[in-house]
Amino acid sequence: MNELAPRARAIFRHAVGKSRRSPYINSKCRIFKTDKIFLNLFWAHLNQKGAKERIRRIKLYQCALDTMQHSRILPEHKLSTDRKVVLYRFYGITKGGEEYCVQVKEELKTGRKYFMSVFPLK
């Protein structure tokens, strides 16, 4: 964790440097049409996890950002029961052959999209 967290934070700070307020990335996915995906929610979600789970997820942070930015494959999507949020799931494989899932939440009222989580599938 000591060596992974600073590297992930450096990647995050690079995204922060692109915007004045909330850090974001643009997606090329056909559903999002180059919309902004905000990154702050991921860190709050990550802090709720245990140390071992944080390490597993931080290892996939760069892969998750690349997947959200460059994937042209349509993600799976699911509407919440209260019909206020849509949850999108992108799937990918690392160079090492590990499968992972990236979750993006869209609030229907505002239309804003947030990077929520990334986790290995096995």
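Because the structure is a prediction, the values reported are computed rather than measured.

A.B. asks: Describe the nonpolar core, naming the residues involved and giving the relevant values.
C.D. replies: Tyr-61, Met-68, Val-102, Phe-115 and Val-118 are the most contacted members of the largest nonpolar core, which has 23 residues in total. Among the elements of the structure, α2 (40-46), α4 (61-70), β4 (85-93), β5 (99-107) and β6 (113-120) are those that each provide at least two residues to this core. If one sorts the elements of this core by residue count, α4 sits on top with 4 residues.

A.B. asks: Quick rundown of the pairing of β5? Include the residues and the values.
C.D. replies: Counting buried residues along β5, 7 of its 9 residues qualify, which places the element largely inside the surrounding structure. Direction of pairing for β4 relative to β5: antiparallel, over a ladder of 9 bridges. Directly across from Gly-92, in β5, lies its bridge partner Tyr-100. Here β4 folds back onto β5 in antiparallel fashion, the turn holding 5 residues, of which Gly-97 has a positive phi close to 90°. Alignment of β5 against β6, held across 7 bridges, turns out to be antiparallel.

A.B. asks: Now, about the pattern of salt bridges: what can you tell me, with residues and values included?
C.D. replies: Using the criterion set out here, one finds 5 salt bridges in the structure. A salt bridge links Glu-53 to Arg-57; its shortest N-O distance comes to 2.9 Å. Of this pair, Glu-53 and Arg-57 are both found in helix α3 (residues 51-58), 4 residues apart, which corresponds to roughly one turn of the helix. Residue classification places Arg-57 among the buried residues on the basis of a relative accessible area of 9%. One network of salt bridges, with partners in common, ties together Asp-35, Glu-106 and Lys-113.

A.B. asks: Could you give an account of the sheet that holds strand β2 (residues 36-38), naming the residues involved and the relevant values?
C.D. replies: The 6 strands lie next to each other as β1-β2-β6-β5-β4-β3, forming an open sheet whose pairing is mixed. The strands lining the two open edges of the sheet, one partner per strand, are β1 (24-26) and β3 (76-79). In this sheet, neighbouring strand axes are inclined to one another by 30° on average, regardless of whether the strands run parallel or antiparallel. Across the face of the sheet, α4 comes into contact with β1, β2, β4, β5 and β6 while running at roughly 60° to β5.

A.B. asks: How would you explain the side chain of Ser-117 if you had to name every residue and give the values?
C.D. replies: With respect to the secondary-structure elements, Ser-117 resides in strand β6. Within the structure, the side chain of Ser-117 is placed 2.6 Å from the side chain of Arg-57, a separation counted as a polar contact. Excluding its chain neighbours within four sequence positions, the residues that come into contact with Ser-117 are Phe-42, His-45, Arg-57, Cys-101, Val-102 and Gln-103.

Cut-offs used in this document
- Residues numbered from 1 in each chain as written.
- Predicted model: local features only at pLDDT ≥ 70, side-chain atom pairs only at ≥ 80, totals over all residues.
- Heavy atoms only, no water.
- Core = buried A, V, L, I, M, F, W, Y, C linked by side-chain atoms within 4.5 Å.
- Buried < 20%, exposed > 50% of the residue type's maximum accessible area, 1.4 Å probe, protein only.
- Helix = DSSP H or I, 4+ residues; strand = E, 2+ residues; numbered from the N terminus.
- Pairing = 2+ DSSP bridges.
- Salt bridge = Lys/Arg side-chain N within 4 Å of Asp/Glu carboxyl O.
- Axes fitted to C-alpha atoms, helices over the stretch in contact; angles between N-to-C directions.
- Contact = heavy atoms within 4.5 Å.
- Polar contact = N/O pair within 3.5 Å; in protein donor to acceptor, adjacent residues only side chain to side chain.

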